[in-house]
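# A structural walkthrough
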Amino acid sequence: MPFQKSKNIFVATLFVATSIWANEESILSKNRLDIFDYSKEQNEQNSSQLKKDWINPITYKYSHTYGEDNLDSKKSYISINQPIFKSGGIYSAIKYASYLKKYSDLDIDLQRKNLIKEATVLLFNIHRAAYSIKKQNYLLKNAQIDIQRKKEQVLNGFIDTSFLDNAILQANLRKYSLVELKYSRLNLINSFNNIASGDYKSFELPQLKLINKKDFINNNLEIKKYENDIEVKDKFHFMTIAKYLPTINATYDYTKYHDIKNSSSITKGDLVENYGINVTVPFDVRIYNDIQSKKIDYLKAKNNLENIKLEQKNFFKTKIEKIKMIEERINIALEDYDLYNSLLEVIIQEKNAELKTQSDVDTLLNSQKIKSIESKLFKIDIQIELLEIYSKIEG
């Protein structure tokens, strides 16, 4: 039965939401997923540490000194010098830590998506290699039929042996290609096993569909990452400015003497406490250069975002065009399939009338099957292109 042509697969999928392969992460091994979880947890801890960086440590010191004439002393000392106002620098430091965490989280998400894509592309290519091996087998069968046909023609004196030699050479090339395809498929399986959670046979191929351009841009992980980078650079720029503005610190010193020998002025248990406020205004000849450098980083980040948006729009446009091109290849393969189907009807009739041989029928049947396999190969190629898009989006 002829294949139904599907000239509008691209149009039908253009405005459909993303993947219907819901549990995509299950393809990755536990060890691989754990690494991403650890990275997220480490990022959380680093962010929490950054948010507290404006808080100075409390210093505790215990000393035991030995003096002349047995004048020994033991004392505890606590010192606090804590900024309570840094001209907006405290707020900026907390926001800086938050944006930096989100930036790092997005980078981890991109790495995870890329690894999922890598595993899934390998899965597709394993199945694609299986189809390619089938196709090569049918090409080899036709080459062997051609050898037999040329052999009969040489023996009957219709052609010289050079035609037979060429046919044998062509068949050998098909054999070499078949061996290489089988090796390539085993290599793909081994690569898949390095990162996957199970045997490739235990996974069904996902069915991915294309999102529209607006959703691709709005949910693009690369763009979101660079948007956060702007916020990171902006807050760091403000932190740099605040570093050179007045800072108000609360101070507290506490000293307790535990044991004093041969001292008439200090006795055991005496306390000395000092507390107060100090204002610090730094003066540094490098202020302008430092602030301008951070401002330039911020401006560069804004330009980088515009460049990334343009790159991602063109990336999407390129993928759309490639999918359209592959759709055209599918249509050509299906048209060829229908052509072989109509020819087969004629050849079978002529074979029944003893005007054609069984080898003529077999050649056309093999060629028809090759076209059927080609359409399946092209459909896998579309899925691989969709994976490239999928790996760029959030969710």
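Remember, it's a predicted structure, so these values are computed and weren't measured experimentally. (Residues numbered from 1 in each chain as written. Predicted model: local features only at pLDDT ≥ 70, side-chain atom pairs only at ≥ 80, totals over all residues. Heavy atoms only, no water.)

### Thoughts on the packing of helix H3 (residues 89–155) against helix H4 (residues 161–195)
Remark: H3 packs on H4, axes separated minimally by 8 Å, with the N-to-C direction vectors making an angle of 165 degrees. With respect to H4, the element H3 is oriented roughly antiparallel. Once H3 is placed against H4, the crossing between them reads as left-handed. Looking at the contact of H3 with H4, its residues break down into 24 nonpolar, eight polar and eight charged. (Axes fitted to C-alpha atoms, helices over the stretch in contact; angles between N-to-C directions. Helix = DSSP H or I, 4+ residues; strand = E, 2+ residues; numbered from the N terminus. Parallel < 35°, antiparallel > 145°, perpendicular 65-115°, else oblique. Left-handed = near helix turned anticlockwise from the far one by under 90°. Nonpolar A, V, L, I, M, F, W, Y, C, P; charged D, E, K, R; others polar.)

### Details of the pattern of salt bridges
Counted according to the given criterion, the structure contains 24 salt bridges. Each of Lys135, Asp336, Lys371 and Glu374 takes part in one network of salt bridges that share partners. (Salt bridge = Lys/Arg side-chain N within 4 Å of Asp/Glu carboxyl O.)

### So, H4
Residues that lie three or four places apart on an α-helix share one face, since the helix turns once every 3.6 residues. For H4, with 35 residues, the first-to-last C-alpha span of 52 Å sits near the 51 Å given by 1.5 Å per residue. Those residues of H4 that fall on the buried side of the exposure criterion are Leu164, Ala167, Ala171, Leu178, Leu188, Ile189, Phe192 and Ile195. (Expected span 1.5 Å × (residues − 1). Buried < 20%, exposed > 50% of the residue type's maximum accessible area, 1.4 Å probe, protein only.)

### Details of the packing of helix H2 (residues 30–51) against H3
Two elements in contact, H2 and H3, have axes separated by 8 Å at closest approach and are oriented at 170 degrees. With respect to each other, H2 and H3 are oriented roughly antiparallel. A per-class count over the contact of H2 with H3 returns eight nonpolar, six polar and eight charged.

### Quick look at the packing of aromatic side chains
Tallied over the full model, the rule gives four aromatic pairs. Relative to Phe315, the ring of Phe216 lies with its centre 6.1 Å away and its plane at 20 degrees, an arrangement referred to as stacked. In this pair, Phe216 sits in helix H5 (residues 213–218) while Phe315 sits in helix H7 (residues 287–352), placing the two residues 99 residues apart along the sequence. Each member of the pair, Phe216 as well as Phe315, is classed as buried. Three or more aromatic residues joined by ring pairs form one cluster here, namely Phe216, Phe315 and Phe316. Between Lys392 and the ring centre of Phe315, over which it is positioned, the NZ or CZ distance is 5.1 Å. (Phe/Tyr/Trp six-rings, centres within 6.5 Å; stacked < 30°, edge-to-face > 60°. Lys NZ or Arg CZ within 6 Å of the ring centre and 35° of its normal.)

### Some words on the confidence of the model for the chain
Residues of the chain with pLDDT of at least 70 account for 89%, and the chain-wide mean is 88. Mean pLDDT across the elements of the chain bottoms out in helix H1 (residues 9–13) (42) and peaks in H4 (97). Considering only residues more than four positions removed or in separate chains, one finds that residues 1–22, a stretch of pLDDT under 50, has 49 contacts. (pLDDT = per-residue confidence, 0-100. Contact = heavy atoms within 4.5 Å.)

### Overview of the nonpolar core
Membership of the largest hydrophobic core comes to 48 residues, with the highest contact counts inside it found for Ile27, Leu28, Phe192 and Phe216. Elements supplying a minimum of two residues to this core: H3, H4, H5, helix H6 (221–243), H7 and helix H8 (358–390). Aside from chain neighbours lying at most four places away, what touches Leu28 is Leu33, Phe36, Arg112, Leu115, Ile116, Ala119, Ile195, Ala196 and Ser197. (Core = buried A, V, L, I, M, F, W, Y, C linked by side-chain atoms within 4.5 Å.)

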